[in-house]
Structures are given as structure tokens and as C-alpha cells.
Amino acid sequence: MCGIIGYVGDRGAVQILLEGLTRLEYRGYDSAGIATVMNTGFQVVRRVGRVSNLAHTVNELHLGGHTGIGHTRWATHGAVSEKNAHPQQSTHGLFNIVHNGVIENYIPIKSFLLKHGFKFSSDTDTEVLCNLIEYHYNKEKDRENRFVKSVQKALFHVRGTYGLAVLCKECPEELVVARKSSPLLIGIGDNEIFVASDASAIVQHTRSVVYLNDGEVAHLTKDDFSIITLGNDNVHAVTCELDWQVEDTDKGPYEHFMLKEIFEQPVALENAMRGRFSDDYSTARFGGLRMSAHELRQVDRILLCACGSAWIACLEAEYLIERYARIPVEVEYSSEFRYRNAPLDKNTLVFIISQSGETIDSLAALQEAKRKGFRTLAITNVIGSSIARESEGGIYQHSGPEIGVASTKSFTAQICVAAMLALYFGRIRDMSFDDGIRFVEALRMLPDAVKKTLSQSDNIKKIAEKYAEYTDMLFLGRQSLFPIALEGALKLKEISYIHSEGYPAAEMKHGPIALISEKCPCMFLATQEHILQKNISNIQEVRSRHAPVIAVVADGHESMRDMVDDLIVVPDVHPALQPIIATIPVQLLAYYIAKSRGCDIDKPRNLAKSVTVE
Ligand code: M6R
């Protein structure tokens, strides 16, 4: 949510900031702004709307400077307007700040500052923080470290979350940055230093990075940086190398990141599995779980927590782990788990799934589980993300950067990892060697089956064009394809703004059937052989109420063509992996419907890629 970029070095800051903001735009796109600082003072430009609006003005004004900060905003406090865009400036013009997160106690701080003569021109909590920094700066006695100390002292009084970067008029070759529950990393270049909320903004300049931890404040100049805690301890910085390539963050020949990422799924799945099968190929293995087989055998319940599509991936994990490992699983929305105080037995293992590893609700659920003393593991895509670092162990998806706001390749990779976990847990319990071998063989054939399904994209595009003007749609599936019905509905509503719902196919007649008419197409996910007849009965029920029907079936069931309006035939795979195959048609359908409707597919309205506010 919101994106931050900062630069201090010898090059002109403006183009670096604009380029970074363009790459960060998927984080938030209500408004954008940059500020640079020179000996002559600040230059600040803010604009409502996209980064391209901002770039237009910035280029016309020929902004200069070698030190600067930039921001793309997803509004939390205050309407979407220029005055609420970042950077926010302090009353006496000494500071400019960009900030992700929420300052919860901004109201009492604002009253305090008003009494001390500070003025406010926006509705943001960020401006309050900026003025608090100025207040402490004016009182700071340590002249040498005045800038960093004033930020540190201001943050000491703040309750809430922040990833922030600050410029000071009196220190034009310095930047101060800090984080608490909102990601921030420092990129180390040659005589230049970058800061960003997301590696995609700086990977074209450097791959050498330091992730800031919660409660740390860093002081940056072009050739050096130091980190202290809010409690004033020095921090030994650990530098790591990003495993991303610059090309990973480009669209390549695709019109949208979402389409590129849909087509990357065969490779993403291969990457999720690479090096993770045992030498005799009868089970999976994971380097990062940090729990022995003996400890894992003591686990008698698994609780999975996540948000959005990752929560739907948890539902798939529930089917997989219960069926193949016979361990009871429960799935919770992270935001519900955190405040529900659910009773958990001591042998419960808490698993968080999060593509970004930064979703605040999931991070908070993880912290709550840890606080209560549970073992915690996580499946994440972003190496070094907060959830990856705070969980006791975990599994990286290795899907590569996902830029499209709608999650696609990360969703199928999460299910693939869940299938491997089910196999691993199953093999340390009751799954036979033969069944393990069959499971592994099926997993190894999965990327090819996904490729075959993707080869139907032209057919799915034609189908999508027929349904683009409807206003409602139902997605129906049974058993492990029920979560994919939910995912289909989420994808469609998210990027095309068509009202859609996912339901268990049999449950449809207990309520949603009231919606069925010729105006409400139904997409059936019906690739399971053993319940095909049951799905056919449900198809008849909606057809007799005149609903247009699209069905996804497995190879060998082409005869269903006579029974439905549109048929998509996909490869027949191991039952555990059918959900992954069935996901491809729902992704493509949503994509092509949104495209037909002229929607902004990679940046759907009101959404942001990673939700770092509660
Ligand atoms: O980064 P996370 O996996 O924690 O994100 C969770 C959700 O915000 C995310 O899956 C969201 O629902 C997507 N936009 C769905 O396409």
C-alpha cells in the first residue's frame, strides 16, 4: 500500500525517483509526489492521479537536486487530493516526508503541536509526524546528529505503523529513513544510496540491499549509512543480494503484467518445486521449516491464516493436508484470527500464507500466534519480507515478482507448495511409498499440464468476449474446486467490477439459485470424475432456469459440449492438482472480460498490491 523511493548520490535524483515511482505504482495510485533538496531549499511537486501526471509536471518544471524522496499514495487519512498527497512539509519548511502506514495517535500529537504554534494544511497523519520532527529538531542539542536524532525522538512518541523517508532543508546531502511494520530497504550503490518500500523500485540500480527491521532508524549519505534503534543502540547492518532480475519487473511482450504472470505459471511452478523432492522421489523436502520430522509428527492440528487469494489458497491447503496427511486443518482470515482469541491446543502449528509477506493483518496474526507461544511457519514469495523474517521457519514460493494487483502465479504456486507439504506431512505419517512416488510424478508433470491449459487462451478469450457485458456471474465447484470458484469470483470482481460469487455447486440451491436467470451466467468447475454426475445435475438445475453455462471439464468429457453453452476442456491430472489446472481458465476468463470492458487490469480501482494498513 503506497510506495516509497528515496535517493542520495551524484546523479540527478528526479529521473531515478520518477522511474522508481512508475515501478511502484502498483502499490497505490491515488496520487503521487516527489521532493528534492538542494542548498537553495526544497523543490516539491505533487499531483492527484497517476505517476504519469506527476512526471509531466516535473519534466516541465526541470526539477534539480541529487537528494530526493518520492511517493505513490493509497489514501488512508484524508481524501484523494493534492494537499493530502506526499511529500508532506513541516510548518516552517524545514522537513519533507513520505510515509507509508498510519500514525494512530496523531490527534493528541496534533493538539500538542497546535499549542506550540504549528500549522496544518492537510488532513493527513503524515503532516503531524513531519511537524513533530520539526518540533524535536528545534529542541535538539546534539548539533552533529540533529537530523537523525529529531526523527528518532519524534518516532519515540508515535503509536502506529510507518515506513518513512525524510529530507531536511539544512542537510541537503542526507536522508533519514525508519520503519515499523511497513517494509523499507536500503539499496547500496557505488557512491549512491537508495531507499525503497519494495525492491522492484531499485533493482535496476543495485541488488545489494539491507532490510530495515522494526524500530530502526537509518541515516544515509551517498557513501555511507548507519542504523540505530529507537532505544539508541547501534545496529550491525546485514547486506544481502536480491534474487530478482530487472527483466522480472518489466511487462515484456505482454499488454499487462497480469497476462504475463498468468503465462509465467509453468515456470513459477517449476521454481516452486525445484530441488524439493527427495533423492528417491517419494516425498518432498524443505530446507527452511526448521522443524524435525519428529517435531512435525507431534503436530495434531494446523491453523492456516491469510487474506484474499492467499486465504483461498489456504482453503486448498486444507483439502490437501486433511486428505493426504490426515491432519485436521482450520482456515482463518488473518484479521479475524487476530482479534477472535480462538482456543488452540498446544500442538497446533500456525501457518501464514502471504505472497508479499507484508500484509499487515497476516503479520499481526503471526505476531499474535507467536505471542501465545505457538510454532509458526510461513509460505511467502518475497525473500526478506517481514512475515518471512518473523516466522520461525518457512517456505519461499520462488514465483518471482508479482506486479499485477490480481494475484495469479503466486496463487497457484501457493497451492503447489501446499500440495508438497501435504505430501511431506503424509509421508512422515501414513502415506505409502507407492502413493508418494505417484504424487511426485504428478507434480513433475504439472508445469506441462498448465502449459497445455494456457494454450487454450484464444478459445477462452472468445468465450470471455461473449460474457463481458453481463453484470452478475456465479462460479460453482465442489470439494477442492469450491475454493477455485471463490478465486474465479474474486478475480472477476476485482479486475472487471462485475458482481460475482463463488459457491459450492450443491449449496447453490440453498439460496443463490434465487439469482439464477438468463442474466446470470454460471461457470462450473467440474473436472472431478467421481462427482461429475452430481455437477451435471447442478448444471441442469441452472439451465432449466435459463442461465448461460460455461463448464470446465477434464479430457475425455468433450461430450458435455451439448449440455452447456461453452466448454473448456483441460488436461486430466492427479486429483490433488486439479485445482491448479482449473485456476487457469478462471484467471484467463477474468482477464479477457476485464480487457473487453476496457478496465485498468493491472491497477484496478481502490485496490493496491500489498495491504499494509488494517
Ligand atoms: O500479499 P498477500 O498474499 O498477503 O496478499 C493478500 C491479498 O491482499 C491478495 O491476495 C489480494 O486478495 C489479491 N488482490 C487477490 O488477487
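Data block above holds the structure.
Small disclaimer: the values here were computed from a predicted structure and weren't measured.

Undergrad: If you had to explain the site of the ligand to someone new, which residues and values would you point to?
TA: For the ligand, the set of nearby residues contains 13 residues, the closest of which are S354, Q355, S356, T359 and E494. At a separation of 2.6 Å, an oxygen atom of the ligand approaches a polar side-chain atom of S354. Contact between the ligand and T359: an oxygen atom at 2.5 Å from a side-chain N or O atom of the residue. Protein chains shield 91% of the accessible area of the ligand, which is 410 Å² for the free molecule. For the shell around the ligand, the elements supplying multiple residues, two or more each, are α9 (308–325) and α16 (482–496). Top element by residues in the shell around the ligand is α9. It accounts for three residues. In terms of residue class, the shell around the ligand is built from four nonpolar, seven polar and two charged.

Undergrad: So what's going on with the packing of helix α14 (residues 433–454) against helix α18 (residues 578–596)? Which residues, and what values?
TA: The contact between α14 and α18 brings their axes to 9 Å, and the two run at 30°. As summarised for this structure, α14 and α18 are arranged roughly parallel, according to the angle between their axes. Helix-helix and strand crossings are classified by hand; for α14 and α18 the assignment is right-handed. Of α18, the residues touching α14 (which contributes L446, A449, V450, T453 and L454) are I580, I581, I584, P585 and L588. Residue composition of the contact of α14 with α18, by class: nine nonpolar, one polar and no charged.

Undergrad: Please set out the sheet that holds strand β25 (residues 566–570) residue by residue, giving values where relevant.
TA: Here we have five strands laid out as an open sheet, ordered β22-β21-β23-β24-β25, and parallel in their pairing. Unpaired on one side and paired on the other, β22 (499–504) and β25 mark the two borders of the sheet. Averaged over all pairs of adjacent strands, the angle between their axes in this sheet comes to 15°, without regard to strand direction. Two strands pair when backbone bridges link them, and strand β21 (residues 472–477) and β22 are joined in this way by six bridges, in the parallel orientation. Each residue of the ladder has a partner; that of F475, found in β22, is G502.

Undergrad: So, helix α11 (residues 360–371): which residues are in play, and what are the values?
TA: The terminal C-alpha atoms of α11 lie 16 Å apart, and with twelve residues this matches the ideal 16 Å at 1.5 Å per residue to within 8%. With nine of its twelve residues buried, α11 lies for the most part within the structure. If you check which residues of α11 are buried, you get I360, D361, S362, L363, A364, A365, L366, E368 and A369. Those residues of α11 hidden inside the fold are in contact with β16 (301–306), α10 (334–340), β18 (348–354), β19 (375–380) and α12 (386–390).

Undergrad: Run through the environment of R27, naming residues and quoting values.
TA: The topology assignment puts R27 in the loop between α1 (13–24) and β2 (31–38). Classification of R27 by relative accessible area gives buried; the value is 10%. In sequence terms R27 and D190 are 163 residues apart; their C-alpha atoms lie 27 Å from each other.

Undergrad: A description of the packing of helix α7 (residues 265–273) against α14 should follow, citing residues and the corresponding values.
TA: Relative orientation of the contacting elements α7 and α14 amounts to 170°, with a least axis distance of 8 Å. Relative to α14, the element α7 lies roughly antiparallel. From α7, Q265, P266, L269, E270 and M273 reach across to α14, where they touch L443, L446, P447, V450, K451 and L454.

Undergrad: Outline the environment of T221, listing residues and values.
TA: Structurally, T221 is set in strand β12 (residues 216–221). On the basis of relative accessible area, T221 is assigned to the partly exposed category, the value being 23%. Taking the C-alpha atoms as reference points, T221 and P172, separated by 49 residues in sequence, lie 9.6 Å from one another.

Rules used throughout
Residues numbered from 1 in each chain as written. Predicted model: local features only at pLDDT ≥ 70, side-chain atom pairs only at ≥ 80, totals over all residues. Heavy atoms only, no water. Near = heavy atom within 4 Å. Polar contact = N/O pair within 3.5 Å; in protein donor to acceptor, adjacent residues only side chain to side chain. Areas by Shrake-Rupley, 256 points an atom, 1.4 Å probe, with all protein chains shown as cover. Helix = DSSP H or I, 4+ residues; strand = E, 2+ residues; numbered from the N terminus. Nonpolar A, V, L, I, M, F, W, Y, C, P; charged D, E, K, R; others polar. Axes fitted to C-alpha atoms, helices over the stretch in contact; angles between N-to-C directions. Parallel < 35°, antiparallel > 145°, perpendicular 65-115°, else oblique. Left-handed = near helix turned anticlockwise from the far one by under 90°. Contact = heavy atoms within 4.5 Å. Pairing = 2+ DSSP bridges. Expected span 1.5 Å × (residues − 1). Buried < 20%, exposed > 50% of the residue type's maximum accessible area, 1.4 Å probe, protein only.

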